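Here is how the chains run, residue by residue.
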Amino acid sequence: MIERWNRDQVLALAPDASSGKAAQKVSSPGKWSGIGVTADALWGECKGSGSTPYRACVDLSEPAYRCSCPSRKFPCKHALGLLLLWSADGVPAAAEPADWVTEWLDQRRERAAKATARAADPPAATPRAAEADPADARRAGQREQRVAAGLSELERWLADQIRQGLAGSRRHDHWDDLARRLVDAQAPAVAGALSRLNSVLSSADWPARLLSEYALLHLLCVAHRRLPEAIGETEAGAALVRRVRERVGFPVTKEEVLAGETVRDVWDVLGRRDEEQDRLVARRVWLRGRNTGRAALVLSFAPVGQALDASLVTGTALDADLAFYPGASPLRALVAIRHGGAPAAPAPGSSPHEVLEEVAGALAGDPWVDSWPVVLDAVAPAGNGSWSLAGPSGGFALHPSAGIPWRLIATSGGHPLTVAAEWTPRGLLPLTTWDEEGRVVVL
């Protein structure tokens, strides 16, 4: 039997705030009929505006969601409402799922079995495909030249900005032309980084932040130009080169990642954050290996308004193999194989000093890292005006956008807690904590 999630965990799955509010309105028992729950499935029928009730069900083992309503949000308010009812112990246990639920579960298992079979027995490469295509090699060479030319132009542009001063940079379209040229030069990641610089201008300390961003871009340009010749053929050097190329915008395919080594562990899901970037919503889900202590980031993208991956629930744990993207300080990963759920528990924490060393190590391997998941042990919110998470051996300032951490203050009551947070150069963004009874509290 899957351990029942609490209200916080369910509402954290909502694709937006309005879905969370709507789910609460349909979470009363009177709205539902034919409800039931087994070890791995939850289902029910919810009365809607039509003559036929909407059928909602959840595969709790992954999890996955399905509803017959026309909503394009995922999970929809009916699936969330059903989960809220379940979280309040309002769904009776059943011996077997309803027929329509069994049919859906069987279809899912059949698709999963086919996918596993395909992964275990990939199609053999044809002799023609195995041969290097001269046209591909020519296109790759041309792209290398275009990227090098684009980064060279960026390097000169950055030198001009520093020479002329930053005052002229305070225009929201200051980087647009250069960003477009970098797209043409096939360096999309650098172009995206330039396009996002206008967000820096809204802060009071924008000159310092802009100078910092310029410095990182300059470092990337120099690294791309000089690293392959400077570092030799060491494994660490090759990893750093791969990271630089990824930061520039050379893609790494999902198949390449899954073909690499995997790390099996019980992974605690620390939290997630959605962020809109370049007309896409990026979902960051932070994981932490319970035995290896490794940090991981599962990243997914979808156009604004489209469904994002909702299979990782904050505060739960899964026994799984993760495949990490190659590079120095590997963080981004794919869930390669799920072996099943694991008992949820507060994630093992570290002292502020140990966390500081971990972040320093990550930055030494990848200077462009802008966030990293950490778990602080025995810390409490402290401050008046500017807030921090402090313990006996030090602390970390909270990110300005975190505001006053009311939920954290209320949960702590002045006592030390284990807190999972996202480290950023501007401070910590709290994700999750656990109360004195070990229940997860989403922050």
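Residues numbered from 1 in each chain as written. Predicted model: local features only at pLDDT ≥ 70, side-chain atom pairs only at ≥ 80, totals over all residues. Heavy atoms only, no water.

**Student:** Go over the pairing of strand β3 (residues 54–59), please, and point to the residues and values.
**Tutor:** Summarising burial for β3: 5 of the 6 residues are buried, a large majority. Where strand β2 (residues 41–46) meets β3, 6 bridges bridge the pair, whose relative direction is antiparallel. Note that in β3 the partner of Leu42 across the bridge is Val58. Taking the residues that link successive antiparallel strands as the turn, the β3-strand β4 (residues 64–67) hairpin has 4 residues. (Buried < 20%, exposed > 50% of the residue type's maximum accessible area, 1.4 Å probe, protein only. Helix = DSSP H or I, 4+ residues; strand = E, 2+ residues; numbered from the N terminus. Pairing = 2+ DSSP bridges.)

**Student:** Tell me about the environment of Asp133, residues and numbers included.
**Tutor:** Within the element layout of this structure, Asp133 appears in the loop between α5 (127–130) and α6 (134–164). Given a relative accessible area of 37%, Asp133 falls into the partly exposed group. Sequence-wise, Asp133 and Gly81 are 52 residues apart; in three dimensions their C-alpha atoms are separated by 54 Å.

**Student:** Mind laying out a positive patch on the surface, listing which residues take part and the relevant values?
**Tutor:** Among the surface-exposed residues, Lys21, Lys25, Lys31, Lys47 and Lys77 lie close enough to one another that they form a single positively charged patch. Looking at Lys25, the relative accessible area reads 65%, which means it is exposed. (Patch = residues over 30% accessible without salt bridge, like charges linked within 9 Å, V, L, I, M, F, W, Y side chains within 5 Å. Areas by Shrake-Rupley, 256 points an atom, 1.4 Å probe, with all protein chains shown as cover. Salt bridge = Lys/Arg side-chain N within 4 Å of Asp/Glu carboxyl O. Lys, Arg positive; Asp, Glu negative; His and termini not counted. Charge placed at Lys NZ, Arg CZ, Asp CG, Glu CD.)

**Student:** For the packing of helix α8 (residues 188–195) against helix α10 (residues 235–248), give the residues involved together with the corresponding values.
**Tutor:** Two elements in contact, α8 and α10, have axes separated by 5 Å at closest approach and are oriented at 60°. When the axes of α8 and α10 are compared, the pair comes out oblique. Along the contact surface, α8 presents Pro188, Ala189 and Val190, while α10 presents Glu246, Arg247 and Val248. Looking at the contact of α8 with α10 residue by residue, the classes come out as 4 nonpolar, no polar and 2 charged. (Axes fitted to C-alpha atoms, helices over the stretch in contact; angles between N-to-C directions. Parallel < 35°, antiparallel > 145°, perpendicular 65-115°, else oblique. Contact = heavy atoms within 4.5 Å. Nonpolar A, V, L, I, M, F, W, Y, C, P; charged D, E, K, R; others polar.)

**Student:** Talk me through the packing of α6 against helix α7 (residues 176–184); I want residue IDs and the actual numbers.
**Tutor:** Following both chains from N to C, one finds α6 and α7 inclined at 160°, their axes separated by 9 Å at the closest point. Comparing their axes, α7 and α6 come out roughly antiparallel. With respect to the hand of their crossing, α6 and α7 are arranged in left-handed fashion. Residues Arg146, Gly150, Leu151, Glu153, Leu154 and Trp157 of α6 touch α7, and the partners they reach there are Leu178, Arg181, Leu182 and Asp184. In the contact of α6 with α7, the residues fall into 5 nonpolar, 1 polar and 4 charged. (Left-handed = near helix turned anticlockwise from the far one by under 90°.)

**Student:** Tell me about the pairing of strand β7 (residues 295–303), residues and numbers included.
**Tutor:** Judged by how many residues are buried, β7 sits mostly within the fold: 7 of 9 residues are covered. Of the pairings in the sheet, the one linking strand β6 (residues 280–289) to β7 comprises 9 bridges and is antiparallel in character. Across the sheet, residue Ala282 finds its bridge partner in β7, namely Phe301. With antiparallel pairing between neighbouring strands as the criterion, β6 and β7 make up a hairpin whose turn holds 5 residues, including Gly293 at a positive phi of roughly 75°.

**Student:** Tell me about the packing of aromatic side chains, and please be specific about residues and values.
**Tutor:** The geometry of an aromatic ring pair is captured by the separation of the ring centres together with the interplanar angle, meaning the angle of the planes. Evaluated as defined, the whole model comprises 4 aromatic pairs. Where Trp5 meets Trp86, the ring centres are 5.4 Å apart and the plane angle is 75°; that geometry is what we call edge-to-face. In this pair, Trp5 is assigned in the segment before α1 (7–11) and Trp86 in helix α3 (residues 77–87), connecting sequence segments 81 residues apart. Each member of the pair, Trp5 as well as Trp86, is classed as buried. (Phe/Tyr/Trp six-rings, centres within 6.5 Å; stacked < 30°, edge-to-face > 60°.)

**Student:** Which residues make up the side chain of Ser27, and what values go with them?
**Tutor:** Following the sequence through the fold, Ser27 ends up in the loop between α2 (17–25) and β1 (32–37). A polar contact is formed between the side chain of Ser27 and the backbone oxygen of Gln24, at a distance of 2.8 Å. Apart from the residues within four sequence positions on either side, Ser27 is in contact with Trp32, Gly81, Leu84 and Leu85. (Polar contact = N/O pair within 3.5 Å; in protein donor to acceptor, adjacent residues only side chain to side chain.)

**Student:** Any chance you could break down the state of the cysteines for me, citing the residues and the numbers?
**Tutor:** In the structure shown here, the tally under the stated rule is 0 disulfides. No disulfide involves Cys57; its nearest neighbouring cysteine sulfur is the one of Cys67, lying 8.2 Å away. Exposure remark for Cys57: the relative accessible area of 0% places this residue in the buried category. (Disulfide = S-S within 2.5 Å.)

**Student:** Provide a residue-level description of α7, including the pertinent values.
**Tutor:** Listed as buried for α7 are Leu178, Ala179 and Leu182. All buried residues of α7 lie within an arc of 100° about the axis, which places them on one face of the element. Among the exposed residues of α7, those pointing more than 90 degrees away from its buried face are Arg180 and Asp184. Elements in contact with the buried residues of α7: α6 and α8. Downstream of α7 by one or two residues, Gln186 has phi in the positive range, about 65°. (Arc of directions from axis to C-beta.)

**Student:** Describe the sheet that holds strand β15 (residues 440–442), and please don't skip the residues or the numbers.
**Tutor:** Pairing is antiparallel across the open sheet formed by 6 strands, whose spatial order is β12-β11-β10-β13-β14-β15. Strands at the two margins of the open sheet, each flanked by one partner only, are β12 (394–397) and β15. Between one strand axis and the next, the sheet turns by 45° as a mean value, whatever way the strands run. Examined bridge by bridge, strand β14 (residues 427–434) and β15 share 3 bridges and lie antiparallel to one another. Bridge assignment links Thr433 to a residue of β15, and that residue is Val441. Here helix α12 (residues 352–365) sits on the sheet in contact with β10 (372–384), β12 and β13 (417–424), set at roughly 130° to β10.

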